[in-house]
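# Summary of the model geometry
What follows is the residue order along each chain.
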Amino acid sequence: MEALRLLRSRTVVLPVRDIDTDQIIPARFLTTTTREGLGAHLFEDWRYGPDGAARPEFVLNRPEAGGCAILVAGHNFGCGSSREHAAWALRDFGVRAVVSTQIADIFRNNALKNGLLPVIVEPDVHGWLLEHPGAQVSIDVQSTTLTLPSGTAVRFALEPFARYCLLNGIDELGFLLARESEIAAYEARLGSA
Amino acid sequence: MDSSLTLFEKVWRAHEVVPETADTPAVLYVDLHLIHEVTSPQAFTVLRERGLRLRRPERTFATMDHSTPTRTEQIFGGAPITVDAAARQVRELERNCADMGVELLGLRDARRGIVHIIGPELGVTQPGKTIVCGDSHTSTHGALGALAFGIGTTEVGHVFATQCLLQRKPRTLAVNVRGTLPPGVGAKDLILAIIGKIGVAGGTGHVIEYRGETIGALDMDGRMTVCNMSIEAGARAGMIAPDETTFRYLAGRPRAPQGAAWEASLERWRQLPSGPGARFDREVDIDAAALEPMVTYGTNPGMVIPIGASIPERADDQVLAKSLAYMGFTPGEPIREQPVNVVFIGSCTNGRLSDLRAAASVLRGRKIASGVQMLVVPGSQQVKRDAEAEGLDRIFIDAGAEWRESGCSMCLGMNGDLVPKGHYAVSTSNRNFEGRQGIGARTLLASPLTAAASAVRGRVTDPRELF
């Protein structure tokens, strides 16, 4: 996993609550057997019309969205299906952090395993970000702070182990594999129960 | 056992390989790992890249359901699978299971079906187990008193390699349901009402335990419908304490314990229900006697109203306005009598035998309205055989519906069973998200009774009108 320590970027804003993973990546693109290339279909049905032409008014199609690595979205982002394709599609598109007042559990887990940072902020900060698309924001994983253009820094919660993995680019599988003796001992207890 | 523990806490504790600390999540052991063709390929790839094998292939169980066809000739008659990429996924799962020693109930297996239907049906789903699957509706299995939740593909790989997951302990939410469900109101209406009350993010970070006399009175099919949609309230899992109904359901199933092992299991399972001193982080109360058939009007399952109610008006709510524009609904108009083009009976929510019986009870001796397409897709091949043994297939076919092979089908349309753009579908599935059943498809979630009644009249119909 690619490490993430400090992120400085303009924001792109999707002011819609309850954005589900079917919107992030529709089911018809889940027939892939690889992780790559899903960014092309990120928010497919919001980005493109029925004829396949890009909808110019959709925020991700606007020129100023280019290069933005921070997505600010409405409450309860990523609800619905467990498809990790949603996290893969966002990463493939270039998004490194999603900021909201709530992020759905399975999506949050999937995001963290792919170097995509879920950031939960208070409603006042969220409200400001929603009203100021394109704001230059910095997110520091080490200190778990998000800094607004005014210089105001707010803390966000990040599970300590997930933070450690992000900072060091470590994937969890190695950690689990290193628990071999504990797992074997647990299985031995199961067998004798 | 400690009387202050909840059902969830008992199952959690029994599966802690390493308890959580401030710095690290718990290492949680997984008793049963269910896999399917859509969310497993990339996890198998990771295993191969790292030179790993499955730690416990015998605790892993595979089937194919999401992208598989439902037309008999495409499964048994040699006709090609319509969607090429879906055919590739099916072949890849066959190869991965063969290479890695995983038992697969393949495309033509008589025991195949939707993964969340066949787990309980075969008896592999049991009280007290930890069960995971790369699918959010894994919460279904909690109806038997298991701790069951959906995971992503990276975590599928973790379970392959270590039979464990790193997890923070979720909080607990008790949903206490009292009162008798009125005639025509069932488990689907109950869970839709619960989601309407707590909201689509109301259960985030929590495991729900459904409790109370109403839950105890539900049959297993109904309990699975309730637990299935826990994720639609944002919850990690939903659980129901195992009781005599659970044990009667499991007794004699092919993979359930037999003989002395059954008796020993019963003794353990009877210890699982939350103790009298158990405390939950949150509690919500629901009066089942006050419920009506429920139907969704918007683009998430929390946008739900009693069938006699009108579509909400909130002038300042842009998200609602966007949702109603997608649905083509006018704020303030009744949901009843809205036109219906497609009716879908099936899915891991409502694809079990009692769901098909409910739909058939409305359709017996009736025809679906002209211009309505109705698809009935059993949740498993076993459900299909059981339904046919009772003659339910004849009732559906005589009414003008299509009777298909099992699978996820039109719940998410991966296999080509799609709702056309702009059409209204009354669906017994679990998600009414934009585009879920097809690009531009407009989904109204409802019970099998309401769906069948709406098929007969070609309009959204309160099933009690047809009793």
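About the thresholds
Residues numbered from 1 in each chain as written. Chains lettered and ligands numbered in written order. Predicted model: local features only at pLDDT ≥ 70, side-chain atom pairs only at ≥ 80, totals over all residues. Helix = DSSP H or I, 4+ residues; strand = E, 2+ residues; numbered from the N terminus. Buried ≥ 20, exposed ≤ 12 C-beta atoms within 10 Å, placed from the backbone. Contact = placed C-beta atoms within 7 Å. Axes fitted to C-alpha atoms, helices over the stretch in contact; angles between N-to-C directions. Parallel < 35°, antiparallel > 145°, perpendicular 65-115°, else oblique. Left-handed = near helix turned anticlockwise from the far one by under 90°. Nonpolar A, V, L, I, M, F, W, Y, C, P; charged D, E, K, R; others polar. Pairing = 2+ DSSP bridges. Domains from an automatic or database assignment. pLDDT = per-residue confidence, 0-100. Arc of directions from axis to C-beta.

Moving on, we come to the overall build of chain A. Each helix and strand counted, chain A has eight helices and seven strands in total. For chain A, the spread of C-alpha atoms along the principal axes amounts to about 65 × 45 × 25 Å. Burial status across chain A gives 43% buried among its 193 residues. Partitioning the contacts of chain A with sequence separation of at least 6, the portion at a separation of at least 24 is 68%.

Backbone geometry places Asn76 of chain A, a non-glycine residue, at a positive phi of 65°. With respect to the helices, strands and loops of the structure, Asn76 of chain A is situated in the loop between β2 (70–73) and α3 (85–93). Residue classification places Asn76 of chain A among the buried positions, given that 25 C-beta atoms sit within 10 Å. One non-glycine residue, Glu337 of chain B, adopts positive backbone phi at about 75°. Structurally, Glu337 of chain B is set in the loop between α12 (318–327) and β15 (342–345).

On to the packing of helix α2 (residues 41–49) of chain B against helix α6 (residues 153–162) of chain B, then. Residues and elements named next belong to chain B. Where α2 meets α6, the closest approach of the two axes is 8 Å, and the angle between their N-to-C directions is 50°. Considering their axes alone, α2 and α6 lie oblique with respect to each other. Seen from above, α2 lies across α6 with right-handed handedness. On the side of α2, the interface is formed by Gln42, Ala43, Val46 and Leu47, while α6 contributes Thr153, Val156, Gly157, Phe160 and Ala161. The class makeup of the residues in the contact of α2 with α6 is six nonpolar, three polar and no charged.

Residues and elements named next belong to chain B. Note that Pro273 resides in the loop between α11 (259–269) and β12 (282–287). A residue is classified by how many C-beta atoms lie within 10 Å of it, and Pro273, with 21 of them, is buried. For the pair formed by Pro273 and Leu7, sequence separation is 266 residues and the distance between their alpha carbons is 5.0 Å. Discounting residues that sit within four places of it in the chain, Pro273 has contacts with Leu7 and Ala241.

Glancing now at the interface of chain A and chain B. Between chain A and chain B, the contact holds 42 residues from the first and 52 residues from the second. Broken down by secondary-structure element, the contributors of at least two residues to the side of chain A that touches chain B are α1 (21–24), α4 (105–112), α6 (160–168), α7 (172–177) and α8 (180–192) of chain A. The residue inventory of the side of chain A that touches chain B, partitioned by class, reads 15 nonpolar, twelve polar and 15 charged.

What follows is about the sheet that holds strand β4 (residues 60–63) of chain B. Residue and element names in this part refer to chain B. Across the sheet, which stays open at both edges, the five strands sit in the order β5-β4-β3-β6-β7 with parallel pairing between neighbours. The open sheet is flanked by β5 (103–105) and β7 (147–150), the only strands paired with a single partner. On average, each strand axis in the sheet is tilted by 20° relative to the strand beside it, whichever way the strands run.

Now for the domain arrangement of chain B. All names here are of chain B. When cut into domains, chain B gives domain 1 (7–167), domain 2 (171–289) and domain 3 (294–466). Computed from C-alpha coordinates alone, the two centres of domain 2 and domain 3 are separated by 24 Å. Each partner contributes to the interface: domain 2 provides 17 residues, whereas domain 3 provides 20 residues. Breaking the side of domain 2 that touches domain 3 down by element, the ones donating at least two residues are α7 (187–198) and α9 (220–228).

Another point: the confidence of the model for chain B. Across chain B, the average pLDDT comes to 97, with 100% of residues at or above 70. As scored by the predictor, the complex reaches a pTM of 0.98 and an ipTM of 0.97.

On to the environment of Pro182 of chain B, then. Residue and element names in this part refer to chain B. Among the structural elements, Pro182 can be located in the loop between β9 (171–178) and α7. Owing to 15 C-beta atoms within 10 Å, Pro182 belongs among the partly exposed residues under this scheme. As for Pro182 and Glu292, which are separated by 110 residues in sequence, their C-alpha atoms are 7.6 Å apart. Setting aside residues up to four positions removed in sequence, Pro182 forms contacts with Ala289 and Leu291.

Next up on the list: the sheet that holds strand β8 (residues 164–167) of chain B. All names here are of chain B. In spatial order, the strands read β1-β2-β8; together these three strands make up an open sheet with antiparallel pairing. Each end of this open sheet is capped by a strand with a single partner; those strands are β1 (16–18) and β8. In this sheet, neighbouring strand axes are inclined to one another by 40° on average, regardless of whether the strands run parallel or antiparallel. Bridge count between strand β2 (residues 26–29) and β8: four bridges; the pairing is antiparallel. Counted as the bridge partner of Tyr29 is Cys164 from β8.

Bringing the environment of Thr63 of chain B into the picture now. Residue and element names in this part refer to chain B. Residue placement: Thr63 occurs in strand β4. Looking at Thr63, the number of C-beta atoms within 10 Å reads 29, which means it is buried. It is 22 Å that separates the C-alpha atoms of Thr63 and Ala237, two residues lying 174 residues apart in sequence. If near-sequence neighbours (up to four positions away) are discounted, Thr63 is found in contact with His36, Leu104, Leu105, Arg112, Gly113, Val115 and Ile118.

Glancing now at α12 of chain B. Residues and elements named next belong to chain B. Considered for burial, the residues of α12 that qualify are Ser323, Leu324 and Met327. Buried residues in α12, looked at end-on, bunch into an arc of 95°, giving them a common side. α12 presents Gln318 and Ala325 as exposed residues on the side facing more than 90 degrees away from its buried surface.

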